[in-house]
Protein chains: 2
Amino acid sequence: MKDTDTRIPTYEDMLAAHERIKPHIHRTPVLTSSYLNELTGAQLLFKCENFQKAGAFKVRGASNAVFGLPEEMCDKGVATHSSGNHALSLSYAAGRRGIPCHVVMPRTAPQAKKDAVRGYGGIITECEPSTSSREAVFAEVQEATGAEFVHPYNDPRVIAGQGTCSKELMEQIDAMDGCGLDAVIAPIGGGGMVSGTCLTLSTLAPDVKIYAAEPENADDAMRSFKAGHIIADDAPDTVADGLKVPLKDLTWHFVSRHVTDILTASEDEIVDAMKLTWKRMKIVMEASCAPPLATILKNPEVFRGKRVGVIITGGNVDLDKLPWVVGY
Amino acid sequence: MKDTDTRIPTYEDMLAAHERIKPHIHRTPVLTSSYLNELTGAQLLFKCENFQKAGAFKVRGASNAVFGLPEEMCDKGVATHSSGNHALSLSYAAGRRGIPCHVVMPRTAPQAKKDAVRGYGGIITECEPSTSSREAVFAEVQEATGAEFVHPYNDPRVIAGQGTCSKELMEQIDAMDGCGLDAVIAPIGGGGMVSGTCLTLSTLAPDVKIYAAEPENADDAMRSFKAGHIIADDAPDTVADGLKVPLKDLTWHFVSRHVTDILTASEDEIVDAMKLTWKRMKIVMEASCAPPLATILKNPEVFRGKRVGVIITGGNVDLDKLPWVVGY
């Protein structure tokens, strides 16, 4: 692996990513809710990546990696380890390009997720539900296939792809009323979306403050931010299951330089914000999308009177296991 | 009450309604799903009134009635009997104009619905859960207040207001690709939305076929359509609880003249279509919105290869009582 510094994606990489992936993604809508504006005292502009292809923003980064792959590497395809939206997204993008996509998933992953990956054409190899097994099985798969590894977030192609979301958001807000934004807030797990946001806004709109939101139960990004170095938790447990993974060198680069603050919310606050969004905005979104609204409600003094872009990151929810129904 | 013929709303009434209500409603988005297009073999364009103010298309008709009320009648306000979206919508519209809104609701109506009506400023008078009690209590309320009765659907102002939805849909599709529509399909209960659709399209786009969809368990509109006169069922039971009410003279006028066919779906088909829409389109919509997709899936030969506008009528769902979780 090269040094972090030589792998940092640039603003031009993000622009190139947007041209590359545009035919394969949705320009997702920006929605507002007068009820939530009144409740928070802020003006919230929700960028709805739950309506994105494959149901999540992750398809931006995955498509950038897949469609940027040199022709001579296409036969061998791409590979990743993920049981979540990155696996779906990489399978979707590879399917669009007609190249193989190998996914290592724990055998304990929900059948619905395995079915969805296969539905997009992904080839699953199962591992035991442990880091050591995952790494060993993934090494075997990569060895056997020669496929190009696309990390879920610590990959310059992926970060450049995620950065296209904020570019669209700023363009859409310009077209709506031209009044810009005071802040953007997104959930943080490994930091792919937040890094992409930093990459784009630090050049395109450097006055816009960038906030990240995460579960108290998986607050390693907040503790890293305060400590000034990466702290990685071992298997945190939270209803926001997309936000359990730690920062890595590339995402730390952006988070440590451009984020104004990282705010946290409890499990109850996350589920309440999730349900409130479903109820008032009539959209299906994951628990992992709810920390931004939960932390805005919890820290009104930070956001009151501000125009705030809120990234709704994905909508792949098991409708038979809603947290307010089955517990969490 | 005047003769039906002298009360029929005109296309010009619909145009006037749109000007009148525009400041008070959303121009709701038109969404598509490549998954559902592949599944049905049709090109479906969903007009998402679940994102409408007060959570349903009913705010169009209610706002037209409220904002069209002569100044001298405003002190006494408006009144209706409804335990559903019309009560919410009339309360919302009256609140916007700052006039009283009296709503007669059964005392057994869910607390959440009563709270929502009161949240918009509606004044509730409770009745027993029977038609005789509702009519007696409503007569008392009207006598005591002198408020103007706004029927949930059998009212020319309401039908003209609902007709604005199809006008927007046609304008939005023109702006998208200019390819028009072959058909529009909407759920049918009392027939307010379908009548508004007929009113608008019979002038604006007379080649577009209009289909209505309803539950097998409340198929009085289909049986009326086949019989050539109104058949009213007594208290049908269906998960699509907004579709239990019968046609009346004004809505029959439009349905009998302009509808191509009325299709029906079983309870299971309705709930499956509802869940499928939530899962793939990531939107929260009521069971009462699902008969159109359910009947499209059931009658592929009717819709295959066609461009079909599908009206998603509302999104006011009790998230603690989802039919696939609690049964139906």
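Residues numbered from 1 in each chain as written. Chains lettered and ligands numbered in written order. Predicted model: local features only at pLDDT ≥ 70, side-chain atom pairs only at ≥ 80, totals over all residues. Heavy atoms only, no water.

As recorded in an unreviewed UniProt entry, chain A goes by Threonine dehydratase and comes from Citreimonas salinaria. According to UniProt, the comment filed for chain A under the heading Sequence similarities (unreviewed entry) is "Belongs to the serine/threonine dehydratase family." In its Cofactor (unreviewed entry) section, the UniProt entry covering chain A states "pyridoxal 5'-phosphate". (UniProt positions renumbered as here; feature names shortened; annotations may be inferred.)

1. As for helix α7 (residues 131-145) of chain B
All names here are of chain B. Taking 1.5 Å per residue, 15 residues should reach 21 Å; α7 reaches 21 Å between its end C-alpha atoms and fits that length. Looking only at α7, the buried set comprises S133, V137, F138 and V141. Buried residues of α7, viewed axially, fall in a sector of 125°; they line one side. Exposed and oriented more than 90 degrees from the buried face of α7 are S132 and E143. Following α7 by one or two positions, G146 has its phi on the positive side, about 70°. (Helix = DSSP H or I, 4+ residues; strand = E, 2+ residues; numbered from the N terminus. Expected span 1.5 Å × (residues − 1). Buried < 20%, exposed > 50% of the residue type's maximum accessible area, 1.4 Å probe, protein only. Arc of directions from axis to C-beta.)

2. Considering the relation of the copies chain A and chain B
Mapping chain A onto chain B is achieved by rotating through 180° and translating by 0.0 Å along the same axis, at an RMSD of 0.0 Å. Put plainly, the chains are arranged around a two-fold axis. The position closest to the rotation axis in chain A is occupied by the C-alpha of I283 of chain A, lying 2.2 Å away. Residue by residue, 100% of the interface of chain A is reproduced at the interface of chain B, so both copies engage with the same surface. (Least-squares fit on C-alpha atoms with pLDDT ≥ 70 in both. Contact = heavy atoms within 4.5 Å.)

3. Considering the pairing of strand β10 (residues 307-312) of chain A
Residues and elements named next belong to chain A. Burial within β10 is extensive, with six of its six residues counted as buried. Every second residue of β10 is oriented toward a common face, with R307, G309 and I311 on one face and V308, V310 and I312 on the other, all of them buried. Of the strand pairs in this sheet, strand β2 (residues 43-48) and β10 are connected by six bridges, and their pairing is parallel. Bridging from a neighbouring strand, L44 pairs with V308 of β10. Looking at chain direction, strand β7 (residues 183-187) and β10 are connected through three bridges and run parallel. Looking at β10, one finds that A183 is bridged to V308. (Pairing = 2+ DSSP bridges.)

4. Notes on a nonpolar patch on the surface
The grouping of V325 and V326 of chain A together with V325 and V326 of chain B at the surface amounts to a nonpolar patch, some 300 Å² of accessible area in total. At the level of elements, α16 (323-326) of chain A together with α16 (323-326) of chain B are the ones that each hand at least two residues to the nonpolar patch. Among the secondary structure elements, V326 of chain A is positioned in helix α16. (Patch = residues over 30% accessible without salt bridge, like charges linked within 9 Å, V, L, I, M, F, W, Y side chains within 5 Å. Areas by Shrake-Rupley, 256 points an atom, 1.4 Å probe, with all protein chains shown as cover. Salt bridge = Lys/Arg side-chain N within 4 Å of Asp/Glu carboxyl O.)

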